[in-house]
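# Survey of secondary and tertiary structure
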Amino acid sequence: MEPFFDFAGNFWWLIFPLSGLFGGWARSWSKASERRHRRRVELYQLRNRAAEVEHASRSQVRRLMDSHDSVDRRWLDYELDVGKLIDFPVMTDVREPLTVAFLRAKRLADSLRPEAPESITTAAGVAEYREAVHSYELAFDVAEREARRIKDGNFTGPERERLATARKLLRIASDAAATPAERQTAYKRARRELDGLIVLPDATLAALEARIAGMIDVGRMPGRPG
């Protein structure tokens, strides 16, 4: 240590410039550390915001899918109930502009529907799907209100009589107390009465025929007449 003290005694005047130099280095290192810390904090905050946005987007898409399903169920009530379609025939009348608008809105919403909420990865995709679902919901509301307002008002007197006859025949076709032959005959006659008046969706016909076929099979079970 003696050489160091000899050096310090002879060159004590270097303490002041060296202390300034070391102080500058210390301040620079401190500022650099502060900048690195600030960047780490900003990066952490950005990552958190990105995670929050992604979570919010998934929640939004999930809510939109729920709304989409809700309108689908309302439409399914018509598709699976031929009596309801006879009461409100405008819902399947493609000559009606409001019905056409609803069906187009449905096709668009269905085409944009993701398989899962995380399948839509951009804000633009969420916005596009949101607009499609809202348009679908609005178009269905408008078409349904119009259908309930008009009912069978677009038909002539004889056509309304045919609709009434078809209703009665479909009740027989769906009546468990009727024989299989009666149900089959009633169903065929109902289809003839509706021919040219109402276009029944494939899903409606499939549901109706499945129900009637099931009743006929039950009627043919051993021990039961038919």
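This report concerns the structure included in the present document. (Residues numbered from 1 in each chain as written. Predicted model: local features only at pLDDT ≥ 70, side-chain atom pairs only at ≥ 80, totals over all residues. Heavy atoms only, no water.)

### Some details on the overall build of the chain
To be explicit about the condition: A run of DSSP states H or I qualifies as a helix once it reaches four residues; a run of E qualifies as a strand once it reaches two. Both are numbered from the N-terminal end. All accessible-area figures derive from a Shrake-Rupley calculation using a 1.4 Å probe, and residue coverage is judged against the displayed protein chains alone.
Assigned secondary structure in the chain consists of eight helices and zero strands. Written out in order from the N terminus, the α and β elements of the chain read α-α-α-α-α-α-α-α. If you sum the accessible surface of the chain, you get close to 14,900 Å²; carbon and sulfur atoms cover 57% of it.

### A word on the packing of helix H6 (residues 157–173) against helix H7 (residues 180–194)
Operational definition: A fitted line through C-alpha atoms serves as each axis, taken over the contacting stretch for helices, and the angle formed by two N-to-C directions is quoted from 0 to 180°. When describing relative orientation, an angle under 35 degrees is termed roughly parallel and one over 145 degrees roughly antiparallel, while 65 to 115 degrees is termed roughly perpendicular and anything else oblique. Each crossing gets its handedness from the near helix: less than a right angle anticlockwise from the far helix is left-handed, clockwise is right-handed. Any two residues whose heavy atoms approach within 4.5 Å are treated as being in contact. Amino acids are sorted into nonpolar (Ala, Val, Leu, Ile, Met, Phe, Trp, Tyr, Cys and Pro), charged (Asp, Glu, Lys and Arg) and polar (every other residue, Gly among them).
Running from amino to carboxyl end, H6 crosses H7 at an angle of 155 degrees, the nearest separation of the two axes being 8 Å. Taken together, the axes of H6 and H7 lie roughly antiparallel to each other. At the point where H6 passes H7, the crossing takes the left-handed sense. In this structure, H6 uses Arg 162, Leu 163, Thr 165, Ala 166, Leu 169, Leu 170, Ile 172 and Ala 173 to contact H7, whose residues at the interface are Glu 182, Arg 183, Ala 186, Tyr 187, Arg 189, Ala 190, Arg 192, Glu 193 and Leu 194. Counted by class, the contact of H6 with H7 contains 10 nonpolar, one polar and six charged residues.

### Brief notes about the packing of helix H4 (residues 97–112) against helix H5 (residues 123–150)
Across the interface, H4 lies against H5 with an axial gap of 8 Å and an inter-helix angle of 155 degrees. Here H5 runs roughly antiparallel to H4, going by the angle between their axes. Here the hand of the crossing between H4 and H5 comes out left-handed. Where H4 abuts H5, its residues Leu 98, Ala 101, Phe 102, Ala 105, Lys 106, Leu 108, Ala 109 and Leu 112 lie against Glu 128, Tyr 129, Ala 132, Ser 135, Tyr 136, Ala 139, Phe 140, Val 142, Ala 143 and Glu 146. When grouped by side-chain class, the residues that make up the contact of H4 with H5 number 14 nonpolar, one polar and three charged.

### Here we look at H6
To keep things clear, this is the line we draw: By definition here, a helix of n residues has an expected span of 1.5 Å times n minus one. We call a residue buried when its accessible area falls under 20% of the maximum for its residue type, exposed when it is over 50%, and partly exposed in between, using a 1.4 Å probe and counting protein chains only. Comment: arc refers to directions from the helix axis out to C-beta atoms.
For H6, built from 17 residues, the straight-helix expectation of 24 Å at 1.5 Å per residue is met to within 8% by its first-to-last C-alpha distance of 24 Å. Those residues of H6 not exposed but buried are Leu 163, Ala 166, Leu 169, Leu 170 and Ala 173. Viewed along the axis of H6, the buried residues span an arc of 125 degrees, placing them on a single side of the element. Residues of H6 that are exposed and angled more than 90 degrees away from the buried face: Glu 161, Lys 168 and Arg 171.

### Brief notes about the nonpolar core
Under the convention used in this document: To define a nonpolar core, start from buried Ala, Val, Leu, Ile, Met, Phe, Trp, Tyr and Cys residues and group those joined through side-chain atoms within 4.5 Å.
Membership of the largest hydrophobic core comes to 35 residues, with the highest contact counts inside it found for Ile 86, Met 91 and Ile 198. At the level of secondary structure, the elements contributing two or more residues to this core comprise helix H2 (15–79), helix H3 (82–87), H4, H5, H6, H7 and helix H8 (202–219). Top contributing element to this core by residue count: H5, with seven residues. The residues touching Ile 86, leaving out its near neighbours within four places in the chain, are Leu 163, Ala 166, Arg 167, Leu 170, Leu 194 and Ile 198. If you look at the next biggest cluster of nonpolar residues, it comprises seven residues, including Val 61, Leu 64, Ile 120 and Tyr 129.

### Overview of H7
An ideal rise of 1.5 Å per residue puts 21 Å on 15 residues; H7 measures up with 21 Å between its terminal C-alpha atoms. For H7, the full list of buried residues reads Pro 180, Arg 183, Ala 186, Tyr 187, Ala 190 and Leu 194. Along the axis of H7, the buried positions cluster into a sector of 130 degrees, meaning they face one direction only. Opposite its buried face, H7 presents the exposed residues Ala 181, Lys 188 and Arg 192, each directed more than 90 degrees away. Where H7 terminates, the next one or two residues include Gly 196, which has phi positive at roughly 85 degrees.

### Some points on empty space enclosed by the protein
Condition: Lining residues are defined by having an atom within 4 Å of a point belonging to a cavity or pocket. Those points lie on a 1 Å grid over the protein atoms alone, cavities being sets where a 1.4 Å probe fits but cannot get out and pockets being open sets with protein on both sides within 12 Å along at least five of seven lines. Grid points are joined across faces, edges and corners, and a volume is the space filled by probe spheres set on the points.
Summed over the entire model, instances satisfying the criterion amount to one cavity of 30 Å³ or more. Put simply, the largest cavity is a space of about 30 Å³. Considering the residues around the largest cavity, the lining is formed by Pro 89, Val 90, Asp 93, Lys 151, Asn 154 and Phe 155. A class-by-class count of the residues in the lining of the largest cavity yields three nonpolar, one polar and two charged.

### As for the packing of aromatic side chains
For the record, the criterion: Note on ring pairs: Phe, Tyr and Trp rings are taken, using the six-membered ring of Trp, and paired if centres are within 6.5 Å. Classes follow the plane angle, with under 30 degrees stacked, over 60 edge-to-face and the rest tilted.
According to the stated counting rule, one finds five aromatic pairs in the structure shown. For the pair Phe 102 and Tyr 136, a centre-to-centre distance of 6.1 Å together with 10 degrees between the ring planes defines the contact as stacked. Here the residue Phe 102 occupies a position in helix H4, and Tyr 136 occupies one in helix H5, the gap between them amounting to 34 residues. An aromatic cluster is present here, built from Trp 75, Tyr 78, Phe 102, Tyr 136 and Phe 140 joined pairwise through their rings.

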